[in-house]
2 protein chains.
Amino acid sequence: SRLKRSQLKVRFCTNESQVSRKDLVVLLRRKGFDISEGEVTAPAPATCLVLKERGLRPHLLIHDGIRSEFDHIDTSNPNCVVIADAGESFSYRNVNKAFQVLMELENPVLISLGKGRYYKQTSGLMLDVGAYMKALEYACGIEAQVVGKPAPEFFQSALWEMGVEAHEAIMIGDDIVGDVGGAQQCGMRALQVRTGKFRPSDEHHPEVKADGYVDDLAEAVDLLLQHAHQ
Amino acid sequence: SRLKRSQLKVRFCTNESQVSRKDLVVLLRRKGFDISEGEVTAPAPATCLVLKERGLRPHLLIHDGIRSEFDHIDTSNPNCVVIADAGESFSYRNVNKAFQVLMELENPVLISLGKGRYYKQTSGLMLDVGAYMKALEYACGIEAQVVGKPAPEFFQSALWEMGVEAHEAIMIGDDIVGDVGGAQQCGMRALQVRTGKFRPSDEHHPEVKADGYVDDLAEAVDLLLQHAHQ
């Protein structure tokens with residue numbers, strides 16, 4: 001909210017694909033973030049735009065928590081497959097069904113909401129959508145289209161929504177490849193926060209070098225406000 | 001059995017990893033094949049040899065039908081993961097458990113019984129072990145060791161068991177890459193039968209060229225017996 005009182009435009013870019021934007025905003029507001037649904041760039045709504053633009057009717061292999069994002073999408077007689085972090089819904093039966101749909105298409109189109117390898121839960125590491133994307137890619141002999149970080153198109157869509165150019169924007173994130181690398185490829189500068197996914201080895205990552213590091217989000221905001229006032 | 005009456009040595013090489021050799025032999029005998037368990041080279045027993053040689057204790061992600069092949073294998077405190085065509089047992093929970101075991105190992109070892117993309121059942125195409133191998137490879141950032149066709153080591157083990165050299169042996173199979181290509185890489189000649197997995201396009205495969213084609217197994221046997229009597 002300090003950011004909001006300034007003249008800076010803010011946008012939340014997430015790869016969350018188990019929870020709808022609506023529910024995500026509720027969670028974030030509870031944590032004290034002043035945020036509304038319209039300020040969130042997320043893979044599911046971005047995918048809906050792609051589907052509409054290209055006349056695609058998806059077979060959905062997704063978590064029930066995000067199904068509402070696809071309420072207005074025609075899923076009859078599918079001509080593509082959309083996968084997201086489906087968690088327990090990644091049963092053999094469901095994954096095989098998505099595979100069969102793809103194999104029946106003349107030009108199989110697979111859209112994946114992110115390509116994360118895994119994420120951490122209190123119960124332990126959990127396989128993310130990327131693993132199942134690779135399984136379907138291999139089985140069908142195709143390459144998926146990724147919607148979400150680190151795809152440059154995803155950052156670009158966030159910039160469009162804000163109406164700013166890449167060189168005017170700064171990305172703040174905890175994932176050295178997905179957040180920092182993706183944003184930089186899109187022409188933005190990027191700060192890595194030393195929280196969440198951050199590991200000390202990230203500061204010596206072989207391929208990606210952040211434009212700066214901050215210990216937490218508050219420090220990032222301080223930095224931005226300082227620069228904005230200059 | 002015509003082959004058996006001749007002086008030729010015969011060995012059945014299969015990538016079957018849902019059914020134990022014992023049950024497989026029962027099925028084949030019903031179809032009229034004169035075959036015993038000791039004449040079958042299959043990924044599960046070959047894997048057991050590898051495990052023993054290398055002191056590996058597997059976490060098993062396999063079909064119940066093949067569990068008996070691992071009866072004498074120590075699976076306590078696992079230091080590797082073995083996956084096979086587990087079918088419905090490829091639940092998110094089971095695949096994630098295998099992933100967690102791998103991630104807890106300093107040197108994660110993943111052994112895959114074959115790397116097939118899919119196979120056909122009357123109910124439709126079914127995802128094979130290769131898809132899940134790729135999922136785990138990607139999530140863990142590792143490469144699996146494949147035991148089964150088309151791995152040359154697998155054909156080599158069949159040759160050892162028969163006590164013959166590669167140039168003395170002929171492989172007969174329906175899979176242009178898995179059977180014909182694998183055997184040829186091992187130094188064997190290979191015939192493709194125009195049944196089962198065979199597709200007419202196989203005769204113009206970009207990478208693999210069979211040493212000959214036969215319409216069915218009977219024709220292959222005729223051919224072999226002719227040559228044997230010369």
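Model, not experiment: these values are computed from the prediction. (Residues numbered from 1 in each chain as written. Chains lettered and ligands numbered in written order. Predicted model: local features only at pLDDT ≥ 70, side-chain atom pairs only at ≥ 80, totals over all residues. Heavy atoms only, no water.)

With that settled, consider the packing of aromatic side chains. All names here are of chain B. For the coordinates displayed, the defined rule picks out 11 aromatic pairs over all chains. For the pair phenylalanine 12 and phenylalanine 33, a centre-to-centre distance of 6.2 Å together with 90 degrees between the ring planes defines the contact as edge-to-face. One end of the pair, phenylalanine 12, is in strand S1 (residues 12-13); the other, phenylalanine 33, is in the loop between helix H2 (21-30) and strand S2 (40-41), with 21 residues separating them in the sequence. Taking the relative accessible area as the measure of exposure, phenylalanine 33 reaches 30% and is therefore partly exposed. (Phe/Tyr/Trp six-rings, centres within 6.5 Å; stacked < 30°, edge-to-face > 60°. Helix = DSSP H or I, 4+ residues; strand = E, 2+ residues; numbered from the N terminus. Buried < 20%, exposed > 50% of the residue type's maximum accessible area, 1.4 Å probe, protein only.)

Our focus in this paragraph is the pattern of salt bridges. Scanning all chains against the criterion turns up 18 salt bridges over all chains. Among the salt bridges present, the one from A:Arg67 reaches A:Asp64, with a minimum N-O distance of 3.1 Å. The salt bridge involving A:Arg93 is made with B:Glu88; its shortest N-O contact spans 3.6 Å. Taken together, the residues span two chains, with A:Arg93 in helix H4 (residues 92-104) and B:Glu88 in the loop between strand S4 (80-83) and helix H4 (92-104). Exposure remark for A:Arg93: the relative accessible area of 58% places this residue in the exposed category. (Salt bridge = Lys/Arg side-chain N within 4 Å of Asp/Glu carboxyl O.)

The next point concerns the domain arrangement of chain A. Residues and elements named next belong to chain A. In terms of domains, chain A is made up of domain 1 (43-146) and domain 2 (149-228). Of note, the centres of domain 1 and domain 2, computed from C-alpha atoms alone, are 26 Å apart. Taken together, the 6 residues of domain 1 in the interface contact 5 residues of domain 2. In terms of surface lost to domain 2, no three residues of domain 1 exceed Pro43, Lys115 and Val146, which account for 56% of the buried area on that side. Joining domain 1 to domain 2, the criterion identifies 0 salt bridges. Taken together, domain 1 and domain 2 are joined by 0 residue pairs in polar contact (both at pLDDT 80 or more). Its residues assigned to classes, the side of domain 1 that touches domain 2 shows 4 nonpolar, 1 polar and 1 charged. (Domains from an automatic or database assignment. Contact = heavy atoms within 4.5 Å. Buried area = accessible area lost by both parts, 1.4 Å probe. Polar contact = N/O pair within 3.5 Å; in protein donor to acceptor, adjacent residues only side chain to side chain. Nonpolar A, V, L, I, M, F, W, Y, C, P; charged D, E, K, R; others polar.)

At the junction of the two partners, chain A supplies 30 residues and chain B supplies 30 residues. Among the residues chain A hides against chain B, the three largest losses belong to A:Tyr92, A:Leu127 and A:Tyr138. Together they make up 32% of the total. Linking chain A with chain B are 2 salt bridges, by the criterion used here. For the pair chain A and chain B, the interface holds 16 residue pairs in polar contact (both at pLDDT 80 or more). Breaking the side of chain A that touches chain B down by element, the ones donating at least two residues are H4, strand S6 (118-121), strand S7 (124-127) and helix H5 (129-140) of chain A. It is H5(A) that provides the largest number of residues to the side of chain A that touches chain B, a total of 8 residues. Looking at the side of chain A that touches chain B residue by residue, the class counts come to 16 nonpolar, 9 polar and 5 charged.

What follows deals with the confidence of the model for chain A. The pLDDT averaged across chain A works out to 93; a share of 99% of its residues lies at or above 70. Across the interfaces of the predicted complex, the ipTM metric reaches 0.88, alongside a pTM of 0.88. (pLDDT = per-residue confidence, 0-100.)

Mapping chain A onto chain B leaves a residual RMSD of 0.0 Å; the transformation is a rotation of 180 degrees accompanied by 0.0 Å of translation along its axis. Read as a symmetry element, the transformation amounts to a two-fold axis. Most of the interface of chain A is mirrored in chain B: 100% of its interface residues are interface residues there too. (Least-squares fit on C-alpha atoms with pLDDT ≥ 70 in both.)

Residue and element names in this part refer to chain B. Ordered by their spatial adjacency, 3 strands build an open sheet running S9-S10-S11, and the pairing between neighbours is parallel. With one partner strand each, in any of the chains shown, strand S9 (170-173) and strand S11 (212-214) form the two edges of the open sheet. Strand-to-strand twist across the sheet, computed as the mean angle between neighbouring axes with direction ignored, equals 25 degrees. Bridge count for S9 against strand S10 (residues 189-193) is 4 bridges, and the pairing is parallel. The partner of methionine 171 across the bridge, within S10, is alanine 190. Those strands touched by helix H7 (residues 176-185) are S9 and S10, and its axis lies near 165 degrees from that of S10. (Pairing = 2+ DSSP bridges. Axes fitted to C-alpha atoms, helices over the stretch in contact; angles between N-to-C directions.)

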